[in-house]
Amino acid sequence: MLWDVSGPAFLLDYLAGVAGALTIALSVRSLIGWRTRGGPLSSVELAYLTDRSGLACQVGVAALRRAGVVHLGELATLSVDGPPPSGSAPLVRALHAALRRPQTWAAVLADPGVGRALRRLVGRLVRDGWLLTRAQRRRMMWGTVPLFAVAVVGVTRLVDSAVEGREAGGPASVVGLLLCCLATVLGAWWLCEVPETGSAARRLLRRQRRAYAQLAPQQRPAWSERGTDELLTAMAVFGPRPLLAVDPAFAELVGVDPEHTRPREYAKTAR
């Protein structure tokens, strides 16, 4: 017996070690960013948590469009006519300011005022705990170290057996240990890809998707009978497809791709 442990016994111990290390990694992942502060999030902030700046800007300009402020112009340009709605989010006001003269959507996204508004938005989300800081993301990555350590122990046993010509167990035990080591390394590597959002933000998005399940694009809601708030919330939570259903020409002008309308994070959790 290698290391005075039989192959089947070591494999069971290895699986127990993997279970413990995986529990540590998942616990660290769920505990970091679980506390937040501040008031309820606006639809623009929810959109940023769902699919970052692109969706946040689309929700912001959709709010202006639904208020009758944004108009389509020649050569794929947009312009505004009138003030922004009262109580608009800072990003919505920045988009309105950028459109005081006719602009393409690409020029709007490159506008310095819009960029500053997005940076302030991110700063608020980080300050309130919805987005993770670099230090928090590093700590989340360190939570995967026990998984790699367990994999190293398993690989060391296999290498020791091959080098010294000793038995690490029967063929089934050796193959099982090899497969388990491979699965452990792949799982730890996958967990190293940490999200930008904290656990509180991910919980909030899941709750919002359940609460507004009737607005999901798969349900094919009658958008002509829905109000502006429901449209913006659906966009913020499920992606820009509702805007494509209500105002297709405007939606395509602001970068909504009819073939790819599901946000990345939502696509992952929906599978």
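Structural notes, computed from the coordinates. (Residues numbered from 1 in each chain as written. Predicted model: local features only at pLDDT ≥ 70, side-chain atom pairs only at ≥ 80, totals over all residues. Heavy atoms only, no water.)

Turning next to the overall build of the protein. Helix and strand counts for the protein stand at 13 helices and 2 strands. Against the compact-globule benchmark of 18 Å for 271 residues, the protein has a radius of gyration of 25 Å, which places it well outside the compact range. Taking the principal axes of its C-alpha atoms as reference, the protein extends roughly 80 × 35 × 35 Å. In the protein, of all internal contacts separated by at least 6 residues, the share reaching a separation of at least 24 is 69%. Of the roughly 14,500 Å² of accessible surface on the protein, 58% is carried by carbon and sulfur atoms. For the protein, the distance from the average position of its 33 positive side-chain charges to the average position of its 21 negative side-chain charges is 7 Å. (Helix = DSSP H or I, 4+ residues; strand = E, 2+ residues; numbered from the N terminus. Rg over C-alpha atoms; globule rule 2.2 N^0.38 Å. Contact = heavy atoms within 4.5 Å. Areas by Shrake-Rupley, 256 points an atom, 1.4 Å probe, with all protein chains shown as cover. Lys, Arg positive; Asp, Glu negative; His and termini not counted. Charge placed at Lys NZ, Arg CZ, Asp CG, Glu CD.)

In terms of nonpolar packing, the biggest core is built from 54 residues, with Leu91 and Val114 touching the most fellow members. The biggest single contributor to this core is helix α2 (residues 43–66), with 13 residues. With sequence-adjacent residues up to four places away left out, Val114 is seen in contact with Cys57, Leu91, Ala94, Leu95, Ala98 and Val108. In terms of nonpolar packing, the next biggest core, distinct from the first, is built from 15 residues, Leu11, Ala21, Leu158 and Cys180 among them. (Core = buried A, V, L, I, M, F, W, Y, C linked by side-chain atoms within 4.5 Å. Buried < 20%, exposed > 50% of the residue type's maximum accessible area, 1.4 Å probe, protein only.)

So, on to the packing of aromatic side chains. For the structure on display, the rule yields 0 aromatic pairs. Across the ring face of Trp190, the terminal group of Arg29 is positioned such that the distance to the ring centre comes to 6.0 Å. Its guanidinium or amino end placed over the ring of Phe10, Arg157 lies 4.3 Å from that ring's centre, counting from NZ or CZ. (Phe/Tyr/Trp six-rings, centres within 6.5 Å; stacked < 30°, edge-to-face > 60°. Lys NZ or Arg CZ within 6 Å of the ring centre and 35° of its normal.)

All right, on to the environment of Arg93 then. Examined against the element boundaries, Arg93 turns out to sit in helix α3 (residues 90–98). A residue is classified by how much of its surface remains accessible, and Arg93, at 42% relative accessible area, is partly exposed. Arg93 sits 15 residues away from Val108 along the chain, and the two C-alpha atoms are 12 Å apart.

Along the polypeptide, Val150 turns up in helix α7 (residues 145–164). The buried category is assigned to Val150, whose relative accessible area is 16%. For Val150 and Cys181, which are 31 residues apart along the polypeptide, the C-alpha to C-alpha distance reads 8.2 Å. Among residues more than four places away in sequence, those in contact with Val150 are Tyr14, Gly17, Val18 and Ala21.

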